[in-house]
Amino acid sequence: MPFVKTTRAVSDQQLQTVSMENSEKTDVVLLACGSFNPITIMHLRLFELAKDYMNGTGKYRVIKGIISPVGDAYKKKGLISAHHRVIMAELATKNSEWMEVDTWESLQKDWVETAKVLRYHQKKLEASSCNHQRDSPVLERPGRKRKWAEYSQKKSPELKTKDVPKVKLLCGADTLESFSIPNLWKSEDIIQILEDYGLICVTRAGSDVQKFIYESDVLWKYQNNIHLVHEWINNDISSTKIRRALRRGHSIRYLVPELVQAYIEKHNLYNLESEERNAGVSLAPLQRNSVDPKL
């Protein structure tokens, strides 16, 4: 039937167009580093907002979101054990189809710079992609059966970097603005983050991130690698406010995932005593960078 053939031809053409569009998009992995002390609904919202924005550009396809809790060596005041913070993050993402928690950073004995965490995950993706290409069947000649490439005897092909997902740092406006705090960040780390990876910043009400970028020579130079995402639904939830509410004996229901709330209450994680942890101790980056002769 001519009509059916025409319909099928159009359908095939549409599928081919969609396939071509998808092949032109860059796969992106969102990486959020931080205390997550505790993880809140807002942390999860950052991922959803960033995913919607990046996918909406038509240039990117977000395939994964990674939550990387900082290790105990960060020495932030009120920072409870990474063991508990990791478990809470895992509970919060338990039902997510695309977000996951990575423990590498939290398990390090010493504090790890964000630039190194980004590098670790990018290398991990490259290794995974390389293994995938290595294990893919290849054709010797037309008409011959597929056989597995014997890489132990042949030189491994160069990794196609365009096929490797790109890791980008996901953060809030406060993290971006913290770049200006003396000794909190190394200038070379900021440049590496912006130049090699890129940054997705979810802005909040009352912050003028664009002005902050304009006033910074470094941020202005790499502005094309900084994606600003506006949160139109005001959400002022923060881990600091959650901990304060708990110290006051107030409910945190609907501010954190239900499983996280239950875990906090079961282990009595936040109180006056926990808030004094690391009191009087300088943050690890301030300790390290203040004695760095390069600065």
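Cut-offs and rules
Residues numbered from 1 in each chain as written. Predicted model: local features only at pLDDT ≥ 70, side-chain atom pairs only at ≥ 80, totals over all residues. Heavy atoms only, no water. Salt bridge = Lys/Arg side-chain N within 4 Å of Asp/Glu carboxyl O. Helix = DSSP H or I, 4+ residues; strand = E, 2+ residues; numbered from the N terminus. Buried < 20%, exposed > 50% of the residue type's maximum accessible area, 1.4 Å probe, protein only. Phe/Tyr/Trp six-rings, centres within 6.5 Å; stacked < 30°, edge-to-face > 60°. Expected span 1.5 Å × (residues − 1). Contact = heavy atoms within 4.5 Å. Axes fitted to C-alpha atoms, helices over the stretch in contact; angles between N-to-C directions. Parallel < 35°, antiparallel > 145°, perpendicular 65-115°, else oblique. Nonpolar A, V, L, I, M, F, W, Y, C, P; charged D, E, K, R; others polar. Disulfide = S-S within 2.5 Å. Polar contact = N/O pair within 3.5 Å; in protein donor to acceptor, adjacent residues only side chain to side chain.

Novice: It is not clear to me how the pattern of salt bridges should be interpreted in this structure. Could you clarify?
Specialist: Side chains that carry opposite charge are capable of pairing whenever their charged atoms lie near each other. Across all of its chains, the model carries 11 salt bridges by this definition. Two residues, Glu231 and Arg45, come together in a salt bridge whose shortest N-O distance is 3.6 Å. Taken as a pair, Glu231 in the loop between β8 (226-230) and α10 (239-247) and Arg45 in helix α2 (residues 41-56) lie far apart in primary sequence, 186 residues in all. Given the relative accessible area of 7%, Glu231 is considered buried. Here Glu275 ties to Arg247 by a salt bridge, and the two come within 3.1 Å at their closest N and O atoms. Note that Glu275 is positioned in helix α12 (residues 272-275) and Arg247 in helix α10, a separation of 28 residues in sequence. Taking the relative accessible area as the measure of exposure, Glu275 reaches 12% and is therefore buried. Among the residues examined, Arg247 registers a relative accessible area of 24% and is labelled partly exposed.

Novice: Looking at this structure, how should I read unusual backbone geometry?
Specialist: Note: most peptide bonds trans; most residues except glycine with negative phi. Cis geometry is found at the peptide bond from Asn37 to Pro38, where omega equals 0°. Mapped onto the elements of the fold, Pro38 is located in the loop between β1 (26-34) and α2. Of note, the phi angle at Phe36 is positive, near 50°, even though the residue is not glycine. Relative to the helices and strands, Phe36 is located in the loop between β1 and α2. The exposure class of Phe36 is buried, given its relative accessible area of 5%.

Novice: In this structure, what is going on with helix α7 (residues 187-197)? I would like to understand it.
Specialist: Residue pairs three or four apart in sequence face the same way in an α-helix, which turns once every 3.6 residues. Asp189, Ile190, Gln192, Ile193, Leu194 and Tyr197 are the residues of α7 that are buried. Of the residues one or two after α7, Gly198 is the one with positive phi, at around 100°.

Novice: Teacher, can you tell me more about the packing of aromatic side chains here?
Specialist: The description of an aromatic ring pair uses the distance of the two centres, along with the angle that the planes make with each other. A complete count under the given rule lists five aromatic pairs for this structure. Ring geometry for Phe47 and Trp98: centres 6.1 Å apart, planes at 70°, overall edge-to-face. With Phe47 in helix α2 and Trp98 in the loop between α3 (82-92) and β3 (99-101), the pair connects residues that are 51 residues apart, well separated along the chain. Residue Trp98 is classed as buried on the basis of its relative accessible area of 12%.

Novice: In this structure, what is going on with α2? I would like to understand it.
Specialist: Counted at 1.5 Å a residue, the expected span for α2 with its 16 residues is 22 Å, and the 22 Å between its end C-alpha atoms agrees. Every buried residue of α2 is accounted for by Met42, His43, Leu44, Leu46, Phe47, Leu49, Ala50 and Met54. Positive backbone phi, at 80°, marks Gly58, one or two positions downstream of α2.

Novice: How should I be thinking about the environment of Ala50 in this particular structure?
Specialist: For Ala50, the position within the fold is in helix α2. Taking the relative accessible area as the measure of exposure, Ala50 reaches 0% and is therefore buried. Apart from the residues within four sequence positions on either side, Ala50 is in contact with Leu30, Leu170 and Ile200.

Novice: I would appreciate a short explanation of the packing of α3 against helix α11 (residues 258-267) in the present structure.
Specialist: Relative placement of two packed helices is described by the angle separating their axes and the distance separating the axes. It is the contact of α3 with α11, at a shortest axis distance of 8 Å, that shows an interaxial angle of 150°. Judged by the inter-axis angle, α3 sits roughly antiparallel to α11. Listed contacts from α11 to His83, His84, Ile87, Met88, Leu91 and Ala92 of α3 are Leu259, Val260, Tyr263, Ile264 and His267. Among the residues forming the contact of α3 with α11, the class breakdown is eight nonpolar, three polar and no charged.

Novice: Mind showing me how you'd approach the state of the cysteines here?
Specialist: Think of a disulfide as a covalent bridge from one cysteine sulfur atom to another cysteine sulfur atom. What the rule picks out here adds up to zero disulfides. The structure places no disulfide on Cys33, whose sulfur is separated from the nearest cysteine sulfur, that of Cys171, by 9.9 Å. Relative accessible area serves as the criterion here: at 23%, Cys33 is assigned to the partly exposed category. Left without a disulfide partner, Cys201 is nearest to the cysteine sulfur of Cys171, which lies 4.6 Å away.

Novice: Please clarify how the side chain of Gln261 should be interpreted in this entry.
Specialist: By the secondary structure assignment, Gln261 is in helix α11. Discounting chain neighbours no more than four positions away, the residues touching Gln261 are Ile252, Arg253 and Val256.

Novice: Got a minute to help me understand the side chain of Asp102 in this structure?
Specialist: Assignment of secondary structure puts Asp102 in the loop between β3 and α4 (104-107). Reaching out from Asp102, the side chain makes a polar contact with the backbone nitrogen of Trp104 at a distance of 3.0 Å. Those residues within four positions of Asp102 in sequence are excluded, and the remaining contacts are Ile66, Ile67, Ser68, Pro69, Tyr120, His121 and Lys124.

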